[in-house]
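Reading the structure
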Amino acid sequence: MKYALVIWHGEEHSESPQEIHAWPEHEAWFADLEARGVYRGGHRLRPTATTKVRVREGETLISDGPYAETKDLIGGFLVVECEHLDEAIEIAAGHPFAAFGTVEVRPVWE
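Okay, so let's go over this structure.

Ranked by size, the top nonpolar core spans 17 residues in total, and within it Leu5, Trp29, Leu33, Leu78, Val80, Cys82 and Ile91 carry the most contacts. Of all the secondary-structure elements, those providing two or more residues to this core are strand E1 (2–10), helix H2 (24–36), strand E5 (72–81) and helix H3 (85–94). Those residues in contact with Val80 that lie beyond four places of it in its chain are Met1, Lys2, Tyr3, Leu5, Leu33, Val38, Arg40 and Ile91.

Pasting the structure below:
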């Protein structure tokens, strides 16, 4: 089954993908994903510069800012393919951002 790992953290962590990939703990974590053969893709998201689009009664409404009123933001996501939820949880717990943020594990519809 495929799982999306959604990485939440505070705005104090706005490092670029290159900076994060240079962290030894992230490098080791990602090497483990590749060795397991479970990594299916993902991306780091830029900080809170977002545009929200909604359509209500045929009118397109556009606004700036994060969707949720929260101090945390979605910093990135990746997709892993695991035998079971426990393996996905183990992988999420190993992500360096789990130590100060949150890694949400969600099953993917296929």
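Next comes the rest of the write-up.
Tracing the backbone shows His9 in strand E1. Given a relative accessible area of 1%, His9 falls into the buried group. Reaching out from His9, the side chain makes a polar contact with the side chain of Arg44 at a distance of 2.9 Å.

Rules used throughout
Residues numbered from 1 in each chain as written. Predicted model: local features only at pLDDT ≥ 70, side-chain atom pairs only at ≥ 80, totals over all residues. Heavy atoms only, no water. Core = buried A, V, L, I, M, F, W, Y, C linked by side-chain atoms within 4.5 Å. Buried < 20%, exposed > 50% of the residue type's maximum accessible area, 1.4 Å probe, protein only. Helix = DSSP H or I, 4+ residues; strand = E, 2+ residues; numbered from the N terminus. Contact = heavy atoms within 4.5 Å. Polar contact = N/O pair within 3.5 Å; in protein donor to acceptor, adjacent residues only side chain to side chain.

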